[in-house]
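Letter by letter, the chains look like this.
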Amino acid sequence: LQDSFAKITKTLVGKSKITDKNIEEAIEEIKSALLEADVNLRVARRFINATAEEARGEKVLKAIDPGQQFVKIIYDKMVHLLGDERSELALRGPDVTSTILFLGLQGSGKTTNAAKLALHLKNQGRRVLLCAADLSRPAAVKQLEILGEQVGVPVFTGEHQDPISRAKAAVQEAKKHQYNVLIIDTAGRMQVDTDLMTEIKAISDAVNPDEKILVADAMLGQNAVDVAKSFDEAVEITGFILSKFDSDTRGGAALSLKSITGKPIKFIGTGEKVEALEIFHPERIASRILGMGDIVSLVEKAQETVDEEEARRMQQKLFSSDFSLEDYLEQIRMVKKMGKAGELAKLLPGVSAKDIEEKLDEKQMVREEAIILSMTKKERKNLLILNPSRRKRVAKGAGVNVVEVNRFINRFEKMKIQMKKVMKNKAYQAQLAKSL
Ligand code: GDP
Ligand code: MG
């Protein structure tokens, strides 16, 4: 889906004119991209109609950059399809235990994602308890115990050998020991069947969970939507974790789930590791699908390199013998822009970031800048010509005492001498060569 949309946006951006024919062509392409991605047919139709309707509007035809605007329409509709805003877990206050029930088919990723979510919540400072209520396979409990140990979250098993009693006992345990969150892992089946639904409903009624999360396998595409409908009819789910998003090249389930069930996707599973869980942000996923994320990261990357190059150039300059106040001024400005003393420390050998923070505070930088600006270009290049009367003039221009001007000039001269010394140091030269 990403590839198809990247192509579509590419053809649209830069189009100086959007005609009915253009729209028709793009819409056709979007349609086949969606269907190829296994997006639910009803969802695809609705999406296309809404997009086309808005795109045909006068507003777009008269716009300055219609191509980009068209892409924006597609993007907005897609964000809407994905659920508009990120949806948080409905957790209770810190003094009440919240219960989250995990549901889904066998192999959808319930157990793995229960551990992932436990880790996620634990990292937010919550006390989490896991409950192994999948008693259909002997290995299921063991699997959760191993994962629980991995993420440092206790796993409740208890005495009971039926899932309903066990889930109930887990709630008692969690309340007794004041856990903030209890996550209950349940059994799945290969397919939706009445036995499974009866069991799920019984557990749900017994523990009355705050969240009923369906773990949906993204690789199932449209079938994931059918599964979701069945679970929702049985227990009224509250949201999804879309697992195996990393393996889903088509993206059909992501686009259809919210639209068909009305329930939000809250997280996506992005790998087998316990850290591989991401909060679901509709805007980010839409950008990813449309290939707009690439543009953003490209711009960010470019900005980074500009700063890096600037820093490198300054560093080279710093160690050349003609480092002048003019350069120093440029450096102050760069540091101010970067806003980090650590960056200046990188440029000044033998000085720690802490030193700089203490000595070169913002206010001092402002005063130094004023002093340098009050000098003529000639004076900045050659401090020797700064006789007492010139210094007085500079002080007056900068609004500081002449003593401060003298102190600043001395400091700068000393810094240059120290710099020369450092440059004679072989070890430092080697290090510098490496960093350049
Ligand atoms: P359950 O039967 O629903 O409990 O499913 P499991 O948690 O046992 O997961 C089934 C398989 O899917 C395991 O091999 C997991 O490692 C794998 N899995 C789960 N979530 C993800 C995911 O987000 N990405 C990938 N690539 N694999 C996943
Ligand atoms: Mg399991």
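Residues numbered from 1 in each chain as written. Chains lettered and ligands numbered in written order. Predicted model: local features only at pLDDT ≥ 70, side-chain atom pairs only at ≥ 80, totals over all residues.

**Some details on the overall build of the chain**
- Per the secondary structure count, the chain includes 21 helices and eight strands.
- Put simply, the chain has 436 residues, and 35% of those count as buried.
- When contacts within the chain are restricted to residue pairs at least 6 apart in sequence, long-range pairs at least 24 apart make up 74% of them. (Helix = DSSP H or I, 4+ residues; strand = E, 2+ residues; numbered from the N terminus. Buried ≥ 20, exposed ≤ 12 C-beta atoms within 10 Å, placed from the backbone. Contact = placed C-beta atoms within 7 Å.)

**Regarding the packing of helix α1 (residues 2-12) against helix α2 (residues 20-36)**
- Running from N to C, α1 and α2 cross one another at 170°; their axes reach a closest spacing of 10 Å. With respect to α2, the element α1 is oriented roughly antiparallel. Residues Ser-4, Phe-5, Ile-8 and Leu-12 of α1 touch α2, and the partners they reach there are Ala-26, Glu-29, Ile-30, Ala-33 and Glu-36.
- Across the contact of α1 with α2, the residue classes break down as six nonpolar, one polar and two charged. (Axes fitted to C-alpha atoms, helices over the stretch in contact; angles between N-to-C directions. Parallel < 35°, antiparallel > 145°, perpendicular 65-115°, else oblique. Nonpolar A, V, L, I, M, F, W, Y, C, P; charged D, E, K, R; others polar.)

**Looking at the confidence of the model for the chain**
- Taken residue by residue, the chain gives an average pLDDT of 81. The fraction at 70 or more is 78%.
- Averaged pLDDT values over the elements of the chain bottom out at 50 in helix α15 (residues 341-347) and peak at 97 in strand β1 (residues 98-103).
- Across residues 293-306, where pLDDT falls below 50, the model places three contacts with residues more than four positions away in sequence or in other chains. (pLDDT = per-residue confidence, 0-100.)

**Details of the environment of Thr-99**
- Tracing the backbone shows Thr-99 in strand β1.
- Take Thr-99: there are 25 C-beta atoms within 10 Å of it, and that puts it in the buried class.
- On a C-alpha basis, the gap between Thr-99 and Val-171 in space is 7.7 Å, while along the polypeptide they are 72 residues apart.
- Discounting chain neighbours no more than four positions away, the residues touching Thr-99 are Val-171, Leu-182, Ile-184, Val-207, Pro-209 and Asp-210.

**Here's the deal with the pairing of strand β6 (residues 239-243)**
- Among the five residues that make up β6, five are buried, leaving the element largely enclosed by the rest of the structure.
- Residues Gly-239, Ile-241 and Ser-243 of β6 are buried on one face, and the alternating residues Phe-240 and Leu-242, pointing to the opposite face, are buried as well.
- Direction of pairing for strand β5 (residues 211-217) relative to β6: parallel, over a ladder of five bridges. Bridging across to β6, Val-215 finds its partner in Ile-241.
- Handedness of the crossover is the feature at issue here: the chain leaves β5, passes through helix α10 (residues 222-235), returns alongside β6, and the resulting connection is right-handed.
- Alignment of β6 against strand β7 (residues 265-269), held across three bridges, turns out to be parallel. The residue bridging Phe-240 from the neighbouring strand is Ile-265, located in β7. (Pairing = 2+ DSSP bridges. Right-handed = clockwise from strand over helix to strand, strands pointing away.)

**Digging into the site of ligand 1**
- In the vicinity of ligand 1, 20 residues are found, and the nearest of them are Gly-109, Lys-110, Thr-111, Thr-112 and Gly-269.
- Among the residues forming the shell around ligand 1, the class breakdown is two nonpolar, 14 polar and four charged. (Near = placed C-beta within 6 Å.)

**Here we look at the pairing of β5**
- Most of β5 is tucked away: six of the seven residues are buried.
- Sheet topology places β1 next to β5; four bridges connect them, and they run parallel. Within β5, the residue paired with Ile-100 across the bridge is Glu-211.

**Comments concerning the packing of α10 against helix α11 (residues 252-261)**
- The interhelical angle for the contact between α10 and α11, taken along N-to-C directions, is 30°, at an axis separation of 8 Å. As the angle between them shows, α10 and α11 are arranged roughly parallel. Note that α10 runs across α11; the crossing there is right-handed. Within the contact between the two elements, α10 uses Gln-222, Ala-224, Val-225, Ala-228, Lys-229 and Asp-232 and α11 uses Gly-252, Ala-253, Ser-256, Leu-257, Ile-260 and Thr-261. (Left-handed = near helix turned anticlockwise from the far one by under 90°.)

**Things to note about the environment of Pro-163**
- Take Pro-163: it is sitting in helix α8 (residues 163-176).
- By the C-beta count within 10 Å, which is 23 here, Pro-163 ends up buried.
- When the C-alpha positions of Pro-163 and Ala-187 are compared, they lie 8.7 Å apart, and in sequence the two are 24 residues distant.

**Thoughts on the sheet that holds β1**
- Taken together, the eight strands give an open sheet; going across it, the order is β3-β2-β4-β1-β5-β6-β7-β8, and neighbouring strands pair in mixed fashion. The open sheet has two edge strands, β3 (155-156) and β8 (277-279), and neither has a second partner.
- Here helix α9 (residues 194-207) sits on the sheet in contact with β1, β2 (128-133), β4 (181-186) and β5, set at roughly 175° to β1.
- In the packing of α10 onto the sheet, contacts are made with β1 and β5, and the angle to β5 comes to roughly 160°.

**A look at unusual backbone geometry**
- Phi at Asn-208 takes a positive value of approximately 45°, unusual for a residue other than glycine.
- Locating Asn-208 in the fold gives a position in the loop between α9 and β5.
- You can call Asn-208 exposed: it has 9 C-beta atoms within 10 Å.

**Overview of helix α19 (residues 388-398)**
- Of the positions making up α19, those classed as buried are Val-394, Ala-395 and Ala-398. Along the long axis of α19, the arc covered by the buried residues comes to 100°, so they all point the same way. Exposed residues on α19 whose side chains face more than 90 degrees from its buried face are Ser-389 and Lys-392.
- Positive backbone phi, approximately 75°, marks Gly-399, located one or two places after α19. (Arc of directions from axis to C-beta.)

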